[in-house]
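Each chain is listed here by its residues.
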Amino acid sequence: MKLCQTTARISCHGISTLVWDEEDLVDVTSNQRIHLDGSVTQSQFGLAYEFDRAVCLRESRSFWAVAYANRGTAAALMKNGKFHRQLNRDFNHAEWFDYPVTLAPRADGRIVVIHCPRSYNTLEFEDAETGEILEVKTSEGMEFHSRLAVSPNGRFLLSAGWFWHPLCGVWLCALQESPDGMPGSNELAFSYGYEFDSAAFLDDDRLVLTTTAEGVNTGIPKTGLGSLKLGVWKISETKWISTADLAEPSGLIMPWQDWVISFYGHPKAIELTTGAVVHRWDQVNSGRQVGAIDLGDPSPPLVALDPRGGRFAVSGPDGITVVTLSSTA
């Protein structure tokens, strides 16, 4: 397969968050919509707080979003462009690491907010509409939860967080009892060997994980990787199906088809099986964050990922760069 791409730039300034909602980019804090034809709607309101990141979920006619202060404790839950209620996370070392929060649909039709409102090591599953706590989960497999994500089919939850004193790891758990995809266990920790930089779902049964050059221990367990590695883990078979060397840290990642987009320094497309860089967007600055803690210098701009649509957007001083991916045989 050959990777193809198109790049467009949209003039837009003054936004504080950036997410995808179907064919639009949205600033959750103002409900301002940035259309891909370059037109931009007017801001509808202000939340009177310096939120700088957001996550969202479109489910039928409802558009849910959480705007949050990435290195703070405050967040705002939004529904269909309107403030729904305030959220908070545990204050313990909150200024050190990325805010743990995501949204997910349940089989019963409810939308849940998954976050850590009372303790950094305890996930709470909260009904978005009512605030009812549906489930509480604590595990030895992860201490400081961060960078939460749910698989496309809603069966698995991923946490790319860290342990004291700081060691970045990854933890996977099933959101359904004894799923076929994780035989013998509903949890899996990827926390030893070399520190993990980033993790994301490639699809319902595969994870993409990357490591830094920082070693944790001399022995590398089955779920670990060596220095500066890119690995694809198959959940149903509990094993690595490919590993490759990286030339530098990956930073934030977006897996897509046979590649993963790495956002360390500048966006680049890396072949999953070989680690080879097949395309670079050197004109786009995407920061130098590594792991859940190190924001890098410069710190990352706003980035909106759409792995299902094969798109990403990166904010900059001159507006927003939108990249659309495609592939040919």
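If you check an unreviewed UniProt entry, the chain appears there as WD40 repeat domain-containing protein from Paludibaculum fermentans.

**Considerations on the packing of aromatic side chains**
One pass over the full model with this rule turns up 16 aromatic pairs. Ring centres of Y120 and F144 lie 4.2 Å apart, and the angle between their planes is 15 degrees; this geometry places the pair in the stacked category. Note that Y120 is positioned in the loop between β10 (111-115) and β11 (122-127) and F144 in the loop between β12 (133-138) and β13 (148-150), a separation of 24 residues in sequence. Centroid distance W256 to W259: 5.9 Å. Interplanar angle 20 degrees. Geometry classified as stacked. There is no split in this pair, since W256 and W259 are both buried. Aromatic ring contacts, followed pair by pair, group W96, F97, Y120, F144, W162 and W164 into a single cluster. A cation over a ring is seen here: R33 above F63, with NZ or CZ 5.7 Å from the ring centre. One Lys or Arg, R311, reaches over the ring of W20 and ends 4.1 Å from the middle of that ring.

**Here we look at the sheet that holds strand β5 (residues 53-59)**
The strand order across the open sheet formed by 4 strands is β5-β6-β7-β8, and the pairing between neighbours is antiparallel. Because the sheet does not close on itself, it has two edges, and the strands there are β5 and β8 (82-88). For this sheet, the mean inter-axis angle between neighbouring strands, taken without regard to orientation, is 20 degrees.

**Re the sheet that holds strand β26 (residues 277-280)**
Strand order in the open sheet formed by 4 strands is β23-β24-β25-β26, and the pairing between neighbours is antiparallel. The outermost strands of the open sheet, each flanked by one partner alone, are β23 (253-256) and β26. Shown here is a sheet whose adjacent strand axes are inclined to one another by a mean of 20 degrees, direction ignored. In this structure, strand β24 (residues 259-262) lies alongside strand β25 (residues 268-271), joined through 4 bridges in antiparallel fashion. Within β25, the position partnered with I261 by the bridge is A269.

**A few points about the environment of F97**
Within the secondary structure, F97 is located in the loop between β8 and β9 (101-105). Spatially, the C-alpha atoms of F97 and D205 are 28 Å apart, while their sequence positions differ by 108 residues. Not counting the four nearest positions on each side in its chain, F97 is found in contact with N70, R71, R89, N92, F144, H145, S146, W162, A292 and I293.

**Here we look at the pattern of salt bridges**
Summed over the entire model, instances satisfying the criterion amount to 19 salt bridges. Here E132 makes a salt bridge to R110, at a shortest N to O gap of 3.1 Å. With E132 in the loop between β11 and β12 and R110 in the loop between β9 and β10, this pair connects stretches of sequence that are 22 residues apart. On the accessibility criterion, E132 (42% relative accessible area) is partly exposed. For R110, a relative accessible area of 31% puts it in the partly exposed group.

**Structural notes on the side chain of T211**
With respect to the helices and strands, T211 occurs in strand β20 (residues 206-215). Within polar-contact distance, the side chain of T211 engages the backbone oxygen of G226 at 2.7 Å. Here the side chain of T211 touches L228 through a polar contact of 3.2 Å, landing on its backbone nitrogen. Excluding residues that lie within four positions of it along the chain, T211 makes contacts with Y194, E195, F196, D197, L225, G226, S227, L228 and K229.

**Considering the nonpolar core**
Counting residues in hydrophobic clusters, the biggest one holds 17 residues, and the most contacted among them are V170, L172, F190, L207, L209 and W233. Looking at this core, the elements with two or more residues in it are β14 (156-159), β17 (170-174), β18 (187-190), β19 (194-201) and β20.

Reading guide: rules and limits
Residues numbered from 1 in each chain as written. Predicted model: local features only at pLDDT ≥ 70, side-chain atom pairs only at ≥ 80, totals over all residues. Heavy atoms only, no water. Phe/Tyr/Trp six-rings, centres within 6.5 Å; stacked < 30°, edge-to-face > 60°. Helix = DSSP H or I, 4+ residues; strand = E, 2+ residues; numbered from the N terminus. Buried < 20%, exposed > 50% of the residue type's maximum accessible area, 1.4 Å probe, protein only. Lys NZ or Arg CZ within 6 Å of the ring centre and 35° of its normal. Pairing = 2+ DSSP bridges. Axes fitted to C-alpha atoms, helices over the stretch in contact; angles between N-to-C directions. Contact = heavy atoms within 4.5 Å. Salt bridge = Lys/Arg side-chain N within 4 Å of Asp/Glu carboxyl O. Polar contact = N/O pair within 3.5 Å; in protein donor to acceptor, adjacent residues only side chain to side chain. Core = buried A, V, L, I, M, F, W, Y, C linked by side-chain atoms within 4.5 Å.

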